[in-house]
Every structure is written in structure tokens, then in C-alpha cells.
Amino acid sequence: RDARHVLTMTAVTHFGETLGPKELPLEPKALLEEARRGGFWSYVAGTAYRIVLSHDVSGIHVDNYRTTLPMAKGLSSSAAVCVLVARA
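Nothing here was measured: the structure is a model prediction, and the numbers come from that model.

(A) Broad picture of the packing of helix α1 (residues 28-37) against helix α2 (residues 40-54). Contact pair α1 / α2: the axes reach a minimum separation of 7 Å and the direction vectors enclose 150°. By the angle class used here, α1 and α2 are roughly antiparallel. Like other packed secondary-structure pairs, α1 and α2 cross with a definite hand, here left-handed. Seen from α1, the contacting residues are Pro 28, Leu 31, Leu 32, Glu 34 and Ala 35; seen from α2, they are Trp 41, Ser 42, Ala 45, Gly 46, Ala 48, Tyr 49, Val 52 and Leu 53.

(B) Spotlight on the side chain of Thr 8. Following the sequence through the fold, Thr 8 ends up in strand β1 (residues 6-12). Separated by 2.5 Å, the side chains of Thr 8 and His 61 make a polar contact. The contact partners of Thr 8, leaving out residues within four places of it in the chain, are Lys 22, Glu 23, Ile 60, His 61 and Val 62.

What counts, and where the lines are drawn
- Residues numbered from 1 in each chain as written.
- Predicted model: local features only at pLDDT ≥ 70, side-chain atom pairs only at ≥ 80, totals over all residues.
- Heavy atoms only, no water.
- Axes fitted to C-alpha atoms, helices over the stretch in contact; angles between N-to-C directions.
- Helix = DSSP H or I, 4+ residues; strand = E, 2+ residues; numbered from the N terminus.
- Parallel < 35°, antiparallel > 145°, perpendicular 65-115°, else oblique.
- Left-handed = near helix turned anticlockwise from the far one by under 90°.
- Contact = heavy atoms within 4.5 Å.
- Polar contact = N/O pair within 3.5 Å; in protein donor to acceptor, adjacent residues only side chain to side chain.

Dropping the structure here:
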């Protein structure tokens, strides 16, 4: 697969657990399917989906190697990962 047209992301939870790498084609249909699936990667895919619809993006690579914000504690960790992907 052409690495320039792929979303890849690796994340480390606040517990030190590594998630991924997750790789998805930078195609609206694939990103939307992953976003609708739910779970950790859905926010990443949903944000990438909106970016791909609005911009000519050749690839997105995110390596979230350190996380101090706990997930699922009401502290907006999902919003933080969306910002991380949008800024990538």
C-alpha cells in the first residue's frame, strides 16, 4: 500500500499499554466505517474523515507515545485525541 495515502496511529495509554499501530486507508468510506464502529480508534478515524473531505491530504501519521490524561474518566480524552489527529 502507498504509505502516503494511509492513516497510521500508535498510542500509549496512561497505564503504559501500547495500542496499535492502527492503519487505515485515507479514503472517506473506510474512515467513516471505522468511526461508526465505535471504540478507541473511532475518534481518530472520524477526525481523519472530516479532514479528508475538506483537504487534499497525502497521509497522516500519529505516534502518541505518552499519555497522561486518563481515558473514560470524563476529562475529554476523546477531544484531546481529535485535536492531536487534526494537528498532525
